[in-house]
Amino acid sequence: MIQNLLQTPIEYLKGVGPNRAEVLKKELNIQSYRDLINFFPNRYIDKTGFYKVAQLQRNSSEVQIVGKIVHMKMVEQKRGKRLVADFVDDTGKIELIWFRGHKWIKENLKLNTPYVIFGKTNWYNGTFSMPHPEMELVADYKRNLRPAMQPVYPSTEMLQKKGITNRVIMKLMQAVLQQTGLKFSESLSSSLGKELKLISKAEALFNIHFPKNQELLAKAQFRLKFEELFFIQLQLLRKNMLHKQKIKGFNFDQIGDHFNHFYNDYLPFDLTNAQKRVIKEIRSDMGSGAQMNRLLQGDVGSGKTIVALMSMLIALDNKFQACLMAPTEILSIQHYNGLKELCEKLDLNIYLLTGSTKTAMRREIHEKLENGEIDILIGTHALLEDKVKFHNLGLAVIDEQHRFGVAQRAKLWKKNHIPPHVLVMTATPIPRTLAMSLYGDLDISVIDELPPGRKPVKTVHRYDSNRLKVFAFIRDEIKKGRQVYIVYPLIQESEKMDYKDLMDGYESIAREFPDNQISIVHGQMKPADKDYEMDRFVRAETEIMVATTVIEVGVNVPNASVMIIESAERFGLSQLHQLRGRVGRGAEQSFCILMTGHKLSNDSKTRLETMTGTNDGFEIAEVDLKLRGPGDLMGTQQSGVLNLKIADIVKDNSILQTARFYASKILKEDPNLSKEENLAIKNAYARLVKNKTIWNYIS
Ligand code: ADP
Ligand code: MG
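By convention here, each chain's residues receive numbers from 1 onward along its written sequence. Numbering of ligands from 1 and lettering of chains from A proceed in the order in which they are written. This being a predicted model, a pLDDT of at least 70 is required before a residue's local features are given, and a value of 80 or more before pairs of side-chain atoms are given or counted; all residues contribute to the totals for chains, interfaces and linings. Note that water and hydrogens are dropped before the side-chain values are worked out from all heavy atoms of the structure.

*Asks:* How should the site of ligand 1 be read in this particular structure?
*Replies:* Inspection of the region around ligand 1 gives 16 residues, with D270, G301, K304, T305 and R454 positioned closest. Counting of polar contacts relies on pairs of N or O atoms within 3.5 Å, with two restrictions inside protein: one atom must be capable of donating a hydrogen and the other of accepting it, and residues adjacent in sequence are counted only when both atoms are side-chain atoms. Between an oxygen atom of ligand 1 and a main-chain N or O atom of S302, the distance comes to 3.4 Å. One of the side-chain nitrogen or oxygen atoms of R585 is found 3.4 Å away from an oxygen atom of ligand 1. Residue exposure ignores everything except the shown protein chains as possible cover, and the areas themselves are Shrake-Rupley values with a 1.4 Å probe. Burial of ligand 1 by the surrounding chains reaches 80%, relative to a free accessible area of 560 Å². Classifying every residue of the shell around ligand 1 gives four nonpolar, seven polar and five charged. Working definition: residue near molecule or strand if any one of its non-hydrogen atoms lies within 4 Å of it. In the scheme used here, Gly and all other residues not listed as nonpolar or charged are polar, with Ala, Val, Leu, Ile, Met, Phe, Trp, Tyr, Cys and Pro taken as nonpolar and Asp, Glu, Lys and Arg as charged.

In structure tokens form, the structure reads like this:
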């Protein structure tokens, strides 16, 4: 019954009505009683203490003061009038100011009578003032019961305009809590409650809105955050579990000629321990009988390609085909060339398919793919076309995952009657916390070690005014035989302007370096021209590569040792880190120079300081997550991961770990939640799924 009551449309709540209901729906997506109860304050006002006027600080925080109005006057302004009152206590005077509602205030406020006032103070011209204070007669204040701590709810301009103030929301909240009688069904098991010393659901919901004290507030917050994260983890883990049970995969139990031959005779270097570990994980996954769905995270240059290759060789050893999909043409070509070289002596049929593959070649590929002659197909989105049919695709590797959408991943799956194993590789380090929430349904492998002998890239920040020195530095490096990248920002909204920036840049570089060969690559070029230019740089025919961020992903030119990033303040952290990853691939000391003007926002400064301070992609990702919040991190936008009501993936990391631990424990003991003990969890879970309160993740 309580469930039915909670479904009640919000307009039926006392004090709401059709007009307010419309605003609540539109502005806050509050449709039902349940939605209202789950609309949580974002902070609390602690009115347990009082200030004296003499104690006020110029920090414009909210304070509560006891005193009297001794004088009121109207002051004419350019735009309308304001009502100003002198308010005094025994230590000094402040001004109370009203811009609206003058008539009511003049008629109702009493002079020389003690009031408790509350509000934000401003300091201007030697006086403190408080605009639109909350006021209550001391006599009333003493008589009324009140929560020691007051909730402050998130608001919007429209809510304010329509008079749905914080006070109104509080009243509605009181009404809905009264009407539902706090009879909320428990959603967690009693053993969980005991083990984590959780307060009940009803107590938590009451105290999140009207905390009796700080301690109960903390308990309410913990309980609700835990619950929110617990159910998300439960869903992800359950999905992963069902996936493994249901989705049969090819069983790659053979490690045969290709793999061993390559490993023993042609591996160009010793694998790092991290690479060995990850290959083992992949091997055991693909031999488990279930379909592999694995995310491989490794910082730029950590050597993911060789892992991909060796995984594909396992597929070939089991008489299957493999494919490798990359987000850009340049990158596909580079993978193609790189893998061909590595496999030169292995007698494999490796083909490249991109948007610019010629029709005749395309036909040949389609045919050879279907009759099984092609062992490994490398390419771009072109692999996803319906015409591309495999004889028996056993493993699909996707490089630089965030460039591909969910739908595309799904499409690859459908290339077979049984879905192939899928290995998704990303160089955008995703903080563990986020990875857990975002890709909780994927298994994760991490290469957390760079190949030996890498010198960390030296990163500096230089102002545009020092450009001549930077040019001199470039000249010196080129003299030593090195190559240089100069990158300009690309912002989608104003491609034209970026193009102009790039061209201006190119011209000034050309003037500055008349004796050098310069390549230019940007998004508006034809793929063939792009490749031609890129190729010249790879073959060291040009010394300088002027480009937009198209080179961001994956390109490997070990001889390039300088990365200049123009207008670096316009790049996000992960992008800067990716770009920097283009250098530092050879044996020489490499440099990254971040160029900016003098005007920088605080966030930009933090980004630049982070880049000059560390080379660790995971550390950078954590800062990025903190600066931008998870909502903006690449690829997370569409996933809906951020509709969290109360928990914060960054700040509540430890609660997340706890939630994951218990969710996994419970699922292990009771995979279908069929035990009596877990009935509350089962019901709550079913309700959340039905109401789509838990969103659908990437899958
Ligand atoms: P990413 O993870 O960024 O894709 P790559 O696979 O392109 O990195 O590898 C970067 C460079 O490091 C390549 O030139 C590759 O040959 C080299 N490399 C990879 N693994 C090792 C290793 N274990 N020892 C030495 N060099 C390695
Ligand atoms: Mg790579």
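*Asks:* Explanation requested: unusual backbone geometry in the structure shown.
*Replies:* The phi angle of most residues is negative, glycine excepted, and most peptide bonds adopt the trans form. With a phi close to 55°, N112 is a non-glycine residue in the positive phi region. If you trace the backbone, N112 turns up in the loop between α4 (102-108) and β5 (115-120). The backbone of K319 sits at a positive phi, close to 65°, despite the residue not being glycine. Runs of H or I in DSSP of at least four residues are treated as helices and runs of E of at least two as strands, each being numbered from the N terminus. Position of K319 among the secondary structure elements: in the loop between α13 (304-317) and β11 (321-325).

*Asks:* Explain the side chain of S561 here, please?
*Replies:* With respect to the helices and strands, the residue S561 is situated in strand β21 (residues 560-565). Discounting chain neighbours no more than four positions away, the residues touching S561 are E477, R482, Q483, V583, Q589, S590 and F591. Residue contacts are counted whenever heavy atoms from the two residues lie within 4.5 Å of one another.

*Asks:* Is there a simple way to explain the sheet that holds strand β4 (residues 92-98) in this structure?
*Replies:* For sheets, the rule is that strands pair by backbone hydrogen bonds, running either parallel or antiparallel. Read across the open sheet, the seven strands follow the order β6-β7-β4-β3-β2-β5-β8; overall the sheet is mixed. The sheet terminates laterally at β6 (122-124) and β8 (134-137), the two strands that pair on one side only. Each neighbouring strand pair of the sheet contributes to a mean axis angle of 40°, computed without reference to strand direction. We call two strands paired when DSSP finds no fewer than two bridges between them. Relative to β8, β5 runs antiparallel, the two being bridged by four bridges. Counted as the bridge partner of V116 is E136 from β8. Geometry is summarised by axes, namely lines fitted to C-alpha atoms with helices restricted to the contacting stretch, and by angles between N-to-C directions that run from 0 to 180 degrees.

*Asks:* I keep staring at the confidence of the model for the protein and nothing clicks. Help me out?
*Replies:* Regions with low pLDDT carry predicted coordinates that are not meant to be interpreted in detail. One number per residue, pLDDT, summarises how confident the predictor is, and it ranges from 0 to 100. Taken residue by residue, the protein gives an average pLDDT of 86. The fraction at 70 or more is 90%. Taken as a whole, residues 633-641 scores under 50 in pLDDT and shows 24 contacts with residues more than four places along the chain or in a different chain. Across residues 694-699, confidence stays below pLDDT 50; counting only partners more than four residues off in sequence or on other chains, it has 29 contacts.

*Asks:* Explanation requested: the pattern of salt bridges in the structure shown.
*Replies:* One side chain can pair with another of opposite charge once the charged atoms of both are near each other. Any carboxyl oxygen of Asp or Glu that lies within 4 Å of a side-chain nitrogen of Lys or Arg is treated as forming a salt bridge with it. Scanning all chains against the criterion turns up 25 salt bridges. With a closest N to O distance of 2.8 Å, R223 and E227 form a salt bridge. Taken together, the positions of R223 and E227, both in helix α10 (residues 214-246) and four residues apart, correspond to about one turn of that helix. Taking relative accessible area as the criterion, R223 reaches 2% and is therefore assigned buried. Among the ionic pairs, R294 bridges to D285, the shortest N-O distance being 3.1 Å. In this scheme, a residue with accessible area under 20% of its type's maximum is buried, one over 50% is exposed, and one in between is partly exposed, where area comes from a 1.4 Å probe on protein chains only. Residue classification places D285 among the buried positions, given a relative accessible area of 12%. In the salt-bridge network here, residues are joined through shared partners; they are R277, E281, D285, R294 and D448.

*Asks:* Is there a simple way to think about the pairing of strand β20 (residues 544-547) in this case?
*Replies:* Working note: regular strand, side chains alternate between the two faces of the sheet. Residues I544 and V546 of β20 are buried on one face, and the alternating residues M545 and A547, pointing to the opposite face, are buried as well. Pairing between strand β18 (residues 483-487) and β20: four bridges, direction parallel. Looking at β20, one finds that V487 is bridged to A547. Pairing of strand β19 (residues 518-521) with β20 involves four bridges; the strand directions are parallel. Bridge pairing in β20 links V521 to A547.

*Asks:* Please explain the pairing of β18 as it appears in this structure.
*Replies:* Buried residues dominate β18, accounting for five of its five residues. Because side chains alternate across β18, one face comprises the buried residues Q483, Y485 and V487, and the other comprises V484 and I486, equally buried. Of the strand pairs in this sheet, β18 and β21 are connected by five bridges, and their pairing is parallel. Residue pairing for β21: Q483 is matched across the bridge by A560.

*Asks:* I keep staring at α13 and nothing clicks. Help me out?
*Replies:* Every α-helix carries 3.6 residues per turn, so stepping three or four residues along brings you back to the same face. Between its first and last C-alpha atoms α13 spans 20 Å; for 14 residues at 1.5 Å apiece the expected length is 20 Å, and the two agree. Judged by how many residues are buried, α13 sits mostly within the fold: 13 of 14 residues are covered. Just beyond α13, the residue with positive phi is K319, at close to 65°. Expected helix span is computed as 1.5 Å times (number of residues minus one).

*Asks:* Quick question: what am I supposed to make of the sheet that holds strand β14 (residues 393-399) here?
*Replies:* Taken together, the seven strands give an open sheet; going across it, the order is β12-β13-β11-β14-β15-β10-β16, and neighbouring strands pair in parallel fashion. Where the open sheet ends on each side, the last strands, each with one partner, are β12 (350-353) and β16 (443-447). On average, each strand axis in the sheet is inclined to that of its neighbour by 20°, with strand direction left out of account. Summarising the sheet, β11 and β14 pair through five bridges and their orientation is parallel. Bridge pairing links Q321 to L393 in β14. Here α13 sits on the sheet and contacts β10 (293-298), β11, β13 (376-379), β14, β15 (421-426) and β16; the angle it forms with β11, its principal contact strand, is near 155°. Helix-sheet contacts for helix α14 (residues 329-342) involve β11, β12, β13 and β14, and the interaxial angle to β12 is about 170°.

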